[in-house]
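Here is how the chains run, residue by residue.
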Amino acid sequence: MITNVALVSVWVTDLDESLAFYTDVLGFEKGDDVRLGPDFRWLTVVHPNQPELHLHLTTPGEPLSPELIEAMKRAQAHGGLPGVGLNVADCRKTYEELSAKGVTFLQEPTERPYGVEALMRDNSGNWMLLVEKKEFDPEAMTLADLEG
């Protein structure tokens, strides 16, 4: 029986640069770092408050087909791949701190029915959502609540 999610893959352009971004900028810790042959590296990061969930940082490569690898690299170059959503205690403060570290934001902190959210990119162009959650009634939410 499934008990929880343990691993989520995030496609990145450079493993070492992404490791530095996730640890030095976002505050994650290095998890596993194993080289399996000359062309494969298993690299994960974990958040200190949720060490059971590993983010697997990986680059497009074999065993994917050459066509898929090229398509993924094009999507990365255009910033078209989703990343992960991150809970934060104070979205505005986190936005200020990460902006000061040079993080690119696509959306400043914005009030939503479910809390305050901001949209950023990691150093590989992946979209990452920061959410300061609050209680809300999903049944009462409309598309108009998300505009603006």
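Shown above is the structure to which this text applies.
Structure report, in brief.

Each value, and the rule that gives it
- Residues numbered from 1 in each chain as written.
- Predicted model: local features only at pLDDT ≥ 70, side-chain atom pairs only at ≥ 80, totals over all residues.
- Heavy atoms only, no water.
- Pairing = 2+ DSSP bridges.
- Helix = DSSP H or I, 4+ residues; strand = E, 2+ residues; numbered from the N terminus.
- Axes fitted to C-alpha atoms, helices over the stretch in contact; angles between N-to-C directions.
- Contact = heavy atoms within 4.5 Å.
- Patch = residues over 30% accessible without salt bridge, like charges linked within 9 Å, V, L, I, M, F, W, Y side chains within 5 Å.
- Areas by Shrake-Rupley, 256 points an atom, 1.4 Å probe, with all protein chains shown as cover.
- Salt bridge = Lys/Arg side-chain N within 4 Å of Asp/Glu carboxyl O.
- 1 Å grid on protein atoms, 1.4 Å probe; cavity = no way out; pocket = protein on both sides within 12 Å on 5 of 7 lines; lining within 4 Å.
- Points joined across faces, edges and corners; volume = space filled by probe spheres on them.
- Nonpolar A, V, L, I, M, F, W, Y, C, P; charged D, E, K, R; others polar.
- Buried < 20%, exposed > 50% of the residue type's maximum accessible area, 1.4 Å probe, protein only.
- Polar contact = N/O pair within 3.5 Å; in protein donor to acceptor, adjacent residues only side chain to side chain.

## A few points about the sheet that holds strand β8 (residues 127-133)
Then comes step 1: A sheet is described by the order of its strands in space; here 4 strands give the open sequence β5-β8-β7-β6, paired in mixed fashion. At either end of the open sheet lies a strand with only one pairing partner, and these are β5 (82-87) and β6 (104-112). Going across the sheet, the axis of each strand differs from the next one's by a mean of 15°, ignoring polarity.
Then comes step 2: Two elements, β6 and strand β7 (residues 115-121), share 6 bridges in a ladder whose sense is antiparallel. Each bridged residue has a counterpart across the sheet, and for glutamine 107 the counterpart in β7 is leucine 119.
Then comes step 3: Against the sheet, helix α3 (residues 91-100) makes contact with β6, β7 and β8, and its axis sits at roughly 170° relative to β6, the strand it touches most.

## Observations concerning the pairing of strand β4 (residues 50-58)
Then comes step 1: Where strand β1 (residues 7-11) lies against β4, 5 bridges are found, and the strand directions are parallel. Of the residues in β4, the one forming a bridge with valine 8 is leucine 55.
Then comes step 2: Relative to β4, strand β3 (residues 41-47) runs antiparallel, the two sharing 5 bridges. By the bridge assignment, threonine 44 is partnered in β4 with histidine 56.
Then comes step 3: Linking two consecutive strands that pair antiparallel, namely β3 and β4, is a turn of 2 residues.

## Focus on a nonpolar patch on the surface
Then comes step 1: A cluster of nonpolar side chains, namely Val34, Leu36 and Phe40, defines an oily patch on the protein surface of about 250 Å² accessible area.
Then comes step 2: Note that leucine 36 resides in the loop between β2 (29-35) and β3.

## Describing the layout of surface pockets
Then comes step 1: Considered as a void within the structure, the largest pocket measures approximately 500 Å³ in volume.
Then comes step 2: Contributing to the lining of the largest pocket are 20 residues, with Leu26, Phe28, His47, Leu86 and Asn87 lying nearest its centre.
Then comes step 3: A volume near 230 Å³ is recorded for the second largest pocket.
Then comes step 4: Around the second largest pocket, the lining comprises 13 residues; the ones closest to its centre are Phe40, Thr58, Thr59, Gly61 and Glu62.
Then comes step 5: Of the residues contributing to the lining of the second largest pocket, the split by class is 7 nonpolar, 3 polar and 3 charged.

## Examining the environment of asparagine 123
Then comes step 1: Here asparagine 123 is to be found in the loop between β7 and β8.
Then comes step 2: On the accessibility criterion, asparagine 123 (33% relative accessible area) is partly exposed.
Then comes step 3: C-alpha separation for the pair asparagine 123 and glutamate 17, spaced 106 residues apart in sequence, amounts to 7.7 Å.
Then comes step 4: Contact partners of asparagine 123, with chain neighbours within four places excluded, come to Glu17, Ser18 and Phe21.
Then comes step 5: Only 3.1 Å separates the side chain of asparagine 123 from the backbone oxygen of glutamate 17, close enough to count as a polar contact.

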